[in-house]
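These are the residues of each chain, in order.
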Amino acid sequence: MRKFMKRTGCAVVALAMCAGLMQSVQSTLSVSAADVIFQAECEDLELSGGGSPTVWTDVYGALSSGYSGEGFVYLTGETLSFTVEAPEEGMYEILFDYAQILDTDGRMQTISINGTDYTFVMPYSDTFQELDIGRYRLQEGENTIEIKPVYGYGCYDTITIQTAESVDLTVSSDTCDPDATSETKSLMNYLTSVYGEHIISGQQEIYGGGHDGNYEQEFEYLYDLSGEYPAIRGFDFMNYNPLYGWEDGTTERIIEWVNERGGIATASWHINLPKDFDSYEIGDTLDWTDCSYGVNSTFSVENAVVDGTKENQYLDTIIEDLAEQLTILQDNNVPIILRPFHEAEGNGGLDGSGAWFWWAQDGAEAYKALWQYFYDALTEDYELYNIIWEQNLYAWSDDSAQWYVGDDYVDIVGYDKYNTTYNRHDGLTSGPNEDAESKIFYSLVDYVDGNKMVSMPENDTVPSLTNLQIEEAGWLYFCIWYDNDGDSNFVSSDSYQNADTLKEMYQSDYCITLSELPADLYNNSGYTTTTTVTDETTESTETETTTLGVETTDTDITSDTDSTESIISSDTTSDTVSTEDSTTISETTTESDVSETTEETTTETTESETTATSDGNVTGDVMCGDINLDGNVTLADVVLLNKSIAGSVDLSTDAIANSDCDGSGVLGAEDALVLLRFLVQLVDTLPYTG
């Protein structure tokens, strides 16, 4: 399982490259049973202020069986209170045996931990069953917990509190768009490599000519504060529109940020509608005061995806304007994290009743249809493949999960944190809210079955480093909103940021800043290996090109946008491996120090082996590098070893013994790197300890 680790420089990137060998290593959300630190029948708990709770044995003639102990507690007005002794500060799971027969849509419940209230939904159930209400942070020693009837009317039979196991946040590095450019895939590869281990710093720039045209104001403030710039810069394409649009240089600044400064770009799209869409004629220009991206009763989102409607004509027009800018980026080899139609459900509700913006006003199904239409238009009609797709969700209830567009249309799921002055769970009573929002983080992870990264693409107060690490809230990145030159200076005001906390974050090993991004961020998808397989029994030959996601040294590689060819500024070596079934594999690899072509042969061994060398000789009791135990050391062994490191397969005892390719005695990413370098003749002997 992934733990929070200090940055290891190239090792982090190398792990990302090696992970590229796996086509789909999926996340798992299963949390195994852990140490129970508290367990009780709820009727045995005390009431707040003293005394025993009322013991129920039925509710309205129902639920007269299925409970344990003498009965259960039905919270209508009483507050349960108890203390829990935690062995250490950290995250703990809380589970109830419960029933709830009042509300088929679920009933809101409240639990208080050391004076901080949390709400959760108790689903409808006319029988007693287990409910896991999530992970909560307890302090070392005594913790006071209360179950409050704020909304009430839930039946509590038993409660169990146990240590929470770390959740595996490994996700596939595959982009949802299979045709993504090599730069886009390279960026995705990097993002997935650091997800769950680090948080990437980000900052939104002001748009529309604010700060008297000084788009660097927030960035220079952060540099003066911490000595570092953010790694991610947020942009907005709102000014490219057919209504009042103007050229504010956004696209040019994106290209400069990525190609000249080596940063990562993300962009939202506050796209406007005419306020009076009924009287608007397609193609007309309007003053910006007659436009809005808010809820609009004159516009039908459902109609927007129906060919021939006025709404559809307008949608096609605004997509065309955006596509023009994205095409410029693609032509300049710039990938972008695009976040359209953000903050999907607003205040919640599947019908769109909680919508903040026009794109969500007709409900979840219309919203998803709009997203899919937009995705298809950009990828198919405009052939734009430089996008990493990010969708905003909230976590008001499980209904939020039904706004998710789907794995085929999304790469990242984001949550916008704006709670500086309320909903505090950070243990403080004053100052900005530095809560890690771990409960929301893991709710979103659960909503997407762990298949996608989870980020914080907008925020006011940045969570504190301590809170993030203790609560294991593995947000991919944060991105502070810009200063408004007024009451909402999200970056520079002490109402929103504790300067010392923000500085600590930027200077920590956990946080990735601009200077810490790899130099080959957009060219780390590996090198091209041409593999020729000849079956001598049928005299047929098949040639395929495979891109290996491994960082190699002394090799300069640039790939074109479809990732099918590479321009390699180095000499070439050829490695031919003959296997028992007379299959010949010819691999073209690169290493600038190699100036001649050599042929090496490995053969299946029938005697005991321990050490493999580049001439195929083996000695001892095991064969180092032969992970699949077929008697040969080939690329298949690298793939299997990577899957084992990622936790998607279990190796046998013999395979584990053969996996120690770096001689460290510990199975890890370095073993896979050494094994691959052995296959491409960068090292001569396994295990390699140099």
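Throughout what follows, the structure given in this document is the object of discussion. In this text the structure is predicted, and so the values were computed from the model without any measurement.

1. Focus on the overall build of the protein chain
On a plain count of helices and strands, the protein chain comes out with 13 helices and 31 strands. Counting every position in the protein chain, which comprises 690 residues, the buried fraction comes to 55%. Only carbon and sulfur atoms are counted for the fraction: they give 44% of the accessible area of the protein chain, which is about 27,800 Å².

2. Brief notes about unusual backbone geometry
Glycine aside, residues mostly have negative phi angles, and peptide bonds mostly take the trans form. Geometrically, the link from leucine 686 to proline 687 is a cis peptide bond, its omega value of -5 degrees lying close to zero. Among the structural elements, proline 687 can be located in the segment after strand S31 (685-686). For asparagine 114, which is not glycine, the phi dihedral falls at a positive 55 degrees. Here asparagine 114 shows up in the loop between strand S6 (107-113) and strand S7 (116-122). A positive phi angle, close to 55 degrees, is found at aspartate 449, a residue other than glycine. Residue position: aspartate 449 is located in the loop between helix H8 (438-447) and strand S20 (453-459).

3. Points about the pattern of salt bridges
Following the criterion strictly, the structure yields 12 salt bridges and no others. Linking glutamate 216 and arginine 233 is a salt bridge whose minimum nitrogen-to-oxygen distance equals 3.0 Å. Here glutamate 216, found in the loop between strand S12 (202-204) and helix H3 (217-226), pairs with arginine 233, found in strand S13 (residues 232-236); they are 17 residues apart in sequence, far enough to count as distant. Of the charged contacts in the structure, one is a salt bridge between arginine 339 and aspartate 416, with a shortest N-O distance of 3.3 Å. Taken as a pair, arginine 339 in strand S17 (residues 336-339) and aspartate 416 in strand S19 (residues 412-417) lie far apart in primary sequence, 77 residues in all. In this structure, a network of salt bridges that share partners links the residues Glu205, Glu216, Arg233, Arg253 and Arg261.

4. Considering the packing of aromatic side chains
Applying the stated rule across the entire model yields 45 aromatic pairs. For the pair tryptophan 269 and phenylalanine 341, a centre-to-centre distance of 5.7 Å together with 55 degrees between the ring planes defines the contact as tilted. In this pair, tryptophan 269 sits in the loop between strand S14 (264-268) and strand S15 (273-274) while phenylalanine 341 sits in the loop between S17 and helix H7 (364-381), placing the two residues 72 residues apart along the sequence. Accessibility expressed as a relative area gives 0% for tryptophan 269, which makes it buried. You can call phenylalanine 341 buried: its relative accessible area is 0%. Ring centres 6.0 Å apart and planes at 55 degrees place the aromatic pair phenylalanine 341 and tryptophan 359 in the tilted group. On the criterion of sequence distance, the pair formed by phenylalanine 341 in the loop between S17 and H7 and tryptophan 359 in the loop between S17 and H7 is long-range, its members being 18 residues apart. The ring of tyrosine 215 carries the charged tip of arginine 253 above its face, separated from the ring centre by 3.5 Å. Above the plane of the ring of phenylalanine 277 lies lysine 310, whose end atom (NZ or CZ) is 4.8 Å from the centre.

5. Observations concerning the nonpolar core
In terms of nonpolar packing, the biggest core is built from 121 residues, with Leu191, Ile200, Phe237, Leu326, Leu378 and Trp475 touching the most fellow members. The leading source of residues in this core is H7, at 9 residues. In contact with leucine 326, other than residues within four places in its own chain, are Phe237, Ile336, Leu338, Leu378, Leu384, Asn386 and Ile387. Core analysis: the second largest hydrophobic core is formed by 29 residues, Cys42, Val73, Tyr98 and Tyr136 among them.

6. Some thoughts on the sheet that holds strand S4 (residues 80-86)
Within a sheet, each strand pairs with its neighbour through backbone hydrogen bonds, oriented either parallel or antiparallel. With respect to topology, 5 strands assemble into an open sheet ordered S2-S4-S9-S6-S7, the strand pairing being antiparallel. Strands at the two margins of the open sheet, each flanked by one partner only, are strand S2 (46-47) and S7. Direction of pairing for S6 relative to S7: antiparallel, over a ladder of 7 bridges. Note that in S7 the partner of arginine 107 across the bridge is methionine 122.

7. Regarding helix H6 (residues 310-331)
With 22 residues, H6 should cover 32 Å at 1.5 Å per step; its first-to-last C-alpha distance of 32 Å lies within 8% of that length. Of the residues trailing H6, asparagine 333 is marked for its positive phi of about 60 degrees.

8. Thoughts on a nonpolar patch on the surface
A grouping of Met108, Val121, Val150 and Tyr151 is seen on the molecular surface, where their side chains present a nonpolar patch of about 330 Å² in accessible area. Tracing the sequence through the fold places methionine 108 in strand S6.

9. Concerning the side chain of asparagine 467
Mapping asparagine 467 onto the fold places it in helix H9 (residues 465-471). Among the polar contacts listed, one links the side chain of asparagine 467 to the side chain of arginine 137, at a separation of 2.6 Å. Once residues within four sequence positions are removed from consideration, asparagine 467 is found in contact with Arg137, Asp426, Glu434, Asp435 and Ala436.

10. What to know about the pairing of S14
Of all 5 residues that make up S14, 5 are buried, and the element is covered over most of its length. Here S13 runs beside S14; their pairing, made up of 5 bridges, is parallel. Bridging across to S14, aspartate 236 finds its partner in serine 268. With helix H4 (residues 250-260) bridging S13 and the parallel S14, this β-α-β connection has right-handed handedness. Summarising the sheet, S14 and S17 pair through 3 bridges and their orientation is parallel. From the neighbouring strand, threonine 266 faces S17, where its bridge partner is isoleucine 337.

11. Looking at the environment of glycine 213
Mapped onto the elements of the fold, glycine 213 is located in the loop between S12 and H3. The sequence separation of glycine 213 and aspartate 248 amounts to 35 residues, and the corresponding C-alpha distance is 9.4 Å.

Rules behind the numbers
- Residues numbered from 1 in each chain as written.
- Predicted model: local features only at pLDDT ≥ 70, side-chain atom pairs only at ≥ 80, totals over all residues.
- Heavy atoms only, no water.
- Helix = DSSP H or I, 4+ residues; strand = E, 2+ residues; numbered from the N terminus.
- Buried < 20%, exposed > 50% of the residue type's maximum accessible area, 1.4 Å probe, protein only.
- Areas by Shrake-Rupley, 256 points an atom, 1.4 Å probe, with all protein chains shown as cover.
- Salt bridge = Lys/Arg side-chain N within 4 Å of Asp/Glu carboxyl O.
- Phe/Tyr/Trp six-rings, centres within 6.5 Å; stacked < 30°, edge-to-face > 60°.
- Lys NZ or Arg CZ within 6 Å of the ring centre and 35° of its normal.
- Core = buried A, V, L, I, M, F, W, Y, C linked by side-chain atoms within 4.5 Å.
- Contact = heavy atoms within 4.5 Å.
- Pairing = 2+ DSSP bridges.
- Expected span 1.5 Å × (residues − 1).
- Patch = residues over 30% accessible without salt bridge, like charges linked within 9 Å, V, L, I, M, F, W, Y side chains within 5 Å.
- Polar contact = N/O pair within 3.5 Å; in protein donor to acceptor, adjacent residues only side chain to side chain.
- Right-handed = clockwise from strand over helix to strand, strands pointing away.

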